[in-house]
Amino acid sequence: MSDCVFCKIISGEAPGDILYHDDLVTAFRDIHPVAPTHVLVIPNQHIASVNELDEDDEMLVGHLFIVARQLAEREGIKISGYRLIVNTGPHGGQVVYHLHLHLIGGQRMRFPMG
Ligand code: AMP
Ligand code: ZN
């Protein structure tokens, strides 16, 4: 998608603090971190949101979680804990319409959610 900022980060057209990249996913630091660790893990393929996933994407979605866990370990927050968030649509607070998994940690998360 030519006008998608996350696609541009993957292609190198836009700057990004990339932590991980493989055939399926890319991870980079959120530009406005809400905690000491705030990383976004995204599919390399442009998928707008969870609503646009289909059955063939099951492995991809699982891989997003595995990579998030690996990055949690690398960031030193695997044991202390973290939050994984996928905002979807207007009520979900989604702003960027390229599917992304937020990995947030390094401090105690606040409750309640919602
Ligand atoms: P969401 O509300 O789930 O769509 O979150 C979008 C996230 O993308 C926000 O946390 C933004 O701070 C982050 N973001 C937007 N543009 C960039 C960018 N160019 N590089 C890194 N993170 C970004
Ligand atoms: Zn995109």
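Here the structure is a predicted model, which is why all the values come from computation and not from measurement. (Residues numbered from 1 in each chain as written. Chains lettered and ligands numbered in written order. Predicted model: local features only at pLDDT ≥ 70, side-chain atom pairs only at ≥ 80, totals over all residues. Heavy atoms only, no water.)

Colleague: Talk me through the packing of aromatic side chains; I want residue IDs and the actual numbers.
Modeller: Following the criterion strictly, the structure yields one aromatic pair and no others. Judged by centre distance (5.2 Å) and plane angle (75°), the rings of Phe6 and Phe28 are edge-to-face. Here the residue Phe6 occupies a position in helix H1 (residues 5-11), and Phe28 occupies one in strand E2 (residues 25-29), the gap between them amounting to 22 residues. The two residues Phe6 and Phe28 agree in class, both being buried. (Phe/Tyr/Trp six-rings, centres within 6.5 Å; stacked < 30°, edge-to-face > 60°. Helix = DSSP H or I, 4+ residues; strand = E, 2+ residues; numbered from the N terminus. Buried < 20%, exposed > 50% of the residue type's maximum accessible area, 1.4 Å probe, protein only.)

Colleague: How would you summarise the sheet that holds strand E4 (residues 82-85) if you had to cite specific residues and measurements?
Modeller: With antiparallel pairing, the five strands of this open sheet are ordered in space as E1-E2-E3-E5-E4. The strands lining the two open edges of the sheet, one partner per strand, are strand E1 (18-21) and E4. Put simply, the sheet's adjacent strands are angled 15° from each other on average, direction ignored. Looking at chain direction, E4 and strand E5 (residues 101-105) are connected through four bridges and run antiparallel. Bridge pairing in E5 links Leu84 to Leu103. Relative to strand E3 (residues 37-43), helix H2 (residues 58-74) is tilted by about 155°, and along the sheet it contacts E1, E2, E3, E4 and E5. (Pairing = 2+ DSSP bridges. Axes fitted to C-alpha atoms, helices over the stretch in contact; angles between N-to-C directions. Contact = heavy atoms within 4.5 Å.)

Colleague: A description of the coordination of the zinc ion (ligand 2) should follow, citing residues and the corresponding values.
Modeller: Around the zinc ion (ligand 2), the protein contributes the donor atoms Cys4 (SG), Cys7 (SG), His46 (ND1) and His98 (ND1), which lie 2.1 to 2.3 Å from the metal centre. Coordination at the zinc ion (ligand 2) comes from four donor atoms whose angles at the metal span 106 to 116°, giving a geometry best classed as tetrahedral. Positions of the donor residues of the zinc ion (ligand 2) along the chain correspond to the pattern C-x2-C-x38-H-x51-H. On the criterion of sequence distance, the pair formed by His46 in the loop between E3 and H2 and His98 in the loop between helix H3 (89-92) and E5 is long-range, its members being 52 residues apart. Relative accessible area serves as the criterion here: at 24%, His46 is assigned to the partly exposed category. According to the relative accessible area criterion, His98 is buried, its value standing at 0%. (Donors = N, O, S within 2.8 Å, 3.2 Å for Na, K, Ca; no water. Tetrahedral: all angles 85-135°; square planar, octahedral: opposite > 155°, others 65-115°.)

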